[in-house]
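Residue-level structure breakdown
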Amino acid sequence: MRTVSLHAGLHLTLDNADYLIDRIVDDKCYLVALKDGSLLIESKYALRDMHSNGRVILHGTQRKQTTKKSADLSTLSDEQKAQLEIRLVYLQSVVRWLGSKPTTKGIEDVVDCIHSELKGAKPSASTVYRWWRKWESSSHDPMSLVNKKSGSSTSRKFSRHVIQAFNEVVEEIYLNRQCRPKSEVYDAFLIRLNKMKMTGPYEVEICTPSRAQFYRMFNSLDKFDEMAARKGKYAAEKHFRIAGAGPVVTRILERVEVDHTPLDVFAVDGQAKTVVGRPTFTVLLDYFSKMILGFYVSLEPPSEISVMHALKNAVFTKDYCNEMSRVKERWESFGVPHTLICDNGLEFHSGNLRRVCKELMINLQFCPKKQPHYKGAVERFIKTMNLSTSHNFPGTTRSNANDRGDYQSMEEAIFTLNDINNHIHEWIINIYQNRVHRATHRTPVGLWLEGLGVVEPLLPESKEQFDIALCKEATRTLSHKGVEINNLLYNSTELGLLRHKNRVESVSVRFDPMNMGHIWVLNETESPPYFFKVSCTKSDYADGLTKRTHKAIIAEQKTKGIKDFSQQKLLEYKHEFMEQVTKDVKGKSYRRRVKAARYSISKDNSQSEPLSKRFSSGENNSLTNDGALYRFKVEGADDE
């Protein structure tokens, strides 16, 4: 680092503008702007004050062409520092004895006098004079005395014909998505040069670069453009991205991130003990405190249903955890998020989710496509959760096949969906929320409780009202039979009065795809409008029945040409259907077991209570005692 004083001829930068001190009269500095020649007068005191505040940069007697910060002595090796100290001793002695304009003869006498006191070989007078010239031209900057790296910083220069051939071959063969190796490009380059020599003559002889020289010529390519051409723009942007500080939030629930992932473990059926698939994990994470607001584990693939259940688990308090014997701490999080950050999955773009977010005053934001780092907090949590839980469970699939080795995941699996869900609860509540997070240097539960003192979380009007909001919305014709949804009729006295008294021909309804036993009908004739509950006319059949299972039963019977769906027959078909599901779950085909395991007849699939209590006992739903959510796709049935 150089040191300079204020004097005539000094170049400096003031507020990003370049100036030259033309003259100094009575402590007044006359600054000439190098851009337009305008004159600026400042006192020495003012310039020193602006220099202390960082507004002025002093460059020396030569104009500095770059704004980059120079390296200092701390970047040198011990050998370079020792060499620099010796050279500075020689130069300081030369200036002290010979003044500001030394000669070679005088320098030789100085070197002879002080060489015996210094280590190393004796430098010649011309060498010391060369050091002095560098030192003087750099305004006494010690870094100017450091030897430059040996060797050329650029590759050997070839004729324009060789460079042109190189560019053409690289463009045709190397910069494409086939990702050919450089060795093939070099072979094609040699063929191109041989053809050029045969078609010659050229004004300059064409020299053939060696293989090593050819590989060094690739250094001239822009690395981003190279990767974008070979791997794609997305891969290049991901590789060369710059990590910033991330979003700035000031309170809990201000920013909540949501995402899905398949767990790295296989689940088994509770009774048949056969593998029924990898569960899907949907989670909501508070960005400010890194607290987990809620999650949902099921065999349901990523869907609108799993998002709704995870959101429900996040909003309400988690009193059901008190009944889990292995959970020792309280799960304190609850409340409606202010902003929900999600990716571009179809389930997040559903009209039903948008409507729910509007009703709850949630600001729904989507990450840019193929940019998962925009919600990096929940992505990182999912990785940590899988490593800490799923990878320690019997039947784990690990992260990839190489990591798994010869471990037989399906043969070793013994955990049911209920077991996996309980273990994840235990890890999140007992361990994750009580350990120091490396990003905040605080525990998530500590930050959350501190945030509760600043913000009182919003809650829905009632749990029943929230459940209605999560239901699917539809418009149906109202007749004397009531309302028909998915071949099921719903009717009641209140619905009949709505039709006769107010002559309503169509109504807006809400229904839960996980329980077709009842619907909610909106009465818009009253002020204010309100929802009332209407049960299915075939309640014994529909109560607790999922829409997926119902449509599969109907589709299966339609293939047999059966059109008369009386209540008795539907009950018989339901029993037959579930017996077939039982056989499929116990069968040898893994694919059929997974499909069968996705059928459910549970009355409550939310996580507001332990999984083991969500399923009623009985012959028809005995398969669900382990808490698994069973779905089965029959030929001709529609998926939700």
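Residues numbered from 1 in each chain as written. Predicted model: local features only at pLDDT ≥ 70, side-chain atom pairs only at ≥ 80, totals over all residues. Heavy atoms only, no water.

So, about the side chain of Thr397. Mapping Thr397 onto the fold places it in the loop between helix H12 (376-388) and helix H13 (401-404). Here Thr397 falls in the buried class, since its relative accessible area comes to 7%. Once you skip the residues sitting within four places of it in the chain, Thr397 turns out to touch Asp264, Val265, Phe266, Arg278, Arg404 and Ser409. (Helix = DSSP H or I, 4+ residues; strand = E, 2+ residues; numbered from the N terminus. Buried < 20%, exposed > 50% of the residue type's maximum accessible area, 1.4 Å probe, protein only. Contact = heavy atoms within 4.5 Å.)

Pairing is antiparallel in the open sheet, where four strands are placed in the order E13-E16-E17-E18. Two strands bound the open sheet, and with one partner strand each, they are strand E13 (472-477) and strand E18 (530-535). Ignoring which end each strand starts from, the neighbouring axes of this sheet average 35 degrees apart. Pairing of strand E16 (residues 506-512) with strand E17 (residues 515-523), which is carried by four bridges, proceeds in the antiparallel orientation. Pairing of Arg510 across the sheet is with Trp520, part of E17. (Pairing = 2+ DSSP bridges. Axes fitted to C-alpha atoms, helices over the stretch in contact; angles between N-to-C directions.)

We now examine the packing of helix H10 (residues 304-315) against helix H11 (residues 351-359). Contact pair H10 / H11: the axes reach a minimum separation of 10 Å and the direction vectors enclose 20 degrees. One finds that H10 runs roughly parallel with respect to H11. Handedness of the crossing formed by H10 with H11: right-handed. Where H10 approaches H11, its residues Glu304, Val307, Met308 and Leu311 are matched on the opposing element by Asn352, Leu353 and Val356. Class assignment for the residues of the contact of H10 with H11 results in five nonpolar, one polar and one charged. (Parallel < 35°, antiparallel > 145°, perpendicular 65-115°, else oblique. Left-handed = near helix turned anticlockwise from the far one by under 90°. Nonpolar A, V, L, I, M, F, W, Y, C, P; charged D, E, K, R; others polar.)

Within helix H1 (residues 44-52), the full set of buried residues consists of Lys44, Ala46, Leu47 and Met50. One face of H1 carries all of its buried residues, which in axial projection span an arc of 160 degrees. What points out from H1, more than 90 degrees from its buried face, is the exposed set Tyr45 and Ser52. Where the residues of H1 are buried, they touch strand E1 (11-14), strand E2 (17-25), strand E3 (28-33), strand E4 (39-43) and strand E5 (56-60). Where H1 terminates, the next one or two residues include Gly54, which has phi positive at roughly 90 degrees. (Arc of directions from axis to C-beta.)

Moving on, we come to the sheet that holds E4. One open sheet holds the five strands; their spatial order is E4-E3-E2-E1-E5, and the pairing between them is antiparallel. Two strands bound the open sheet, and with one partner strand each, they are E4 and E5. In this sheet, neighbouring strand axes are inclined to one another by 35 degrees on average, regardless of whether the strands run parallel or antiparallel. Summarising the sheet, E3 and E4 pair through five bridges and their orientation is antiparallel. By the bridge assignment for E4, Leu31 is matched with Leu40.

This part covers the pattern of salt bridges. In the structure shown here, the tally under the stated rule is 21 salt bridges. A salt bridge links Glu300 to Arg548, with the nearest nitrogen and oxygen atoms 2.9 Å apart. In this pair, Glu300 sits in the loop between strand E10 (292-298) and H10 while Arg548 sits in helix H20 (residues 547-558), placing the two residues 248 residues apart along the sequence. Just as Glu300 is buried, Arg548 falls in that class too. (Salt bridge = Lys/Arg side-chain N within 4 Å of Asp/Glu carboxyl O.)

Let's shift gears to the pairing of strand E11 (residues 339-342). What you see with E11 is no split at all: Thr339 and Ile341 on one side and Leu340 and Cys342 on the other are buried throughout. Pairing geometry for strand E6 (residues 256-262) and E11, over two bridges, is parallel. Among the inter-strand pairings, Val256 is bridged to a residue of E11, identified as Leu340. Pairing of E11 with strand E12 (residues 363-366), which is carried by four bridges, proceeds in the parallel orientation. Counterpart to Cys342 in the pairing with E12 is Phe366.

Within the largest apolar cluster, 63 residues are counted, with the highest numbers of intra-cluster contacts made by Phe281, Leu284, Phe381 and Ile424. Setting aside chain neighbours within four positions, we find Phe281 in contact with Asp259, His260, Thr261, Leu263, Phe295, Tyr296, Val297, Phe381, Met385 and Ile424. One finds Val521, Cys536, Ala542 and Ala552 within the second-largest nonpolar core, a separate group that totals 29 residues. (Core = buried A, V, L, I, M, F, W, Y, C linked by side-chain atoms within 4.5 Å.)

Turning our eyes to something else, we now look at the environment of Thr339. Tracing the backbone shows Thr339 in strand E11. Once you skip the residues sitting within four places of it in the chain, Thr339 turns out to touch Leu253, Glu254, Arg255, Val256, Asn363 and Gln365. Polar contacts involving the side chain of Thr339 include one to the main-chain carbonyl oxygen of Glu254, which spans 3.4 Å. (Polar contact = N/O pair within 3.5 Å; in protein donor to acceptor, adjacent residues only side chain to side chain.)

The next point concerns the packing of aromatic side chains. What describes a pair of aromatic rings is the distance from one ring centre to the other and the angle between the planes of the rings. A complete count under the given rule lists 19 aromatic pairs for this structure. Centre to centre, the rings of Phe281 and Phe295 are 5.4 Å apart; their planes meet at 35 degrees, and the pair counts as tilted. With Phe281 in strand E9 (residues 280-286) and Phe295 in strand E10, this pair connects stretches of sequence that are 14 residues apart. Since its relative accessible area comes to 0%, Phe281 is described here as buried. On the basis of relative accessibility, which here comes to 0%, the residue Phe295 falls in the buried class. (Phe/Tyr/Trp six-rings, centres within 6.5 Å; stacked < 30°, edge-to-face > 60°.)

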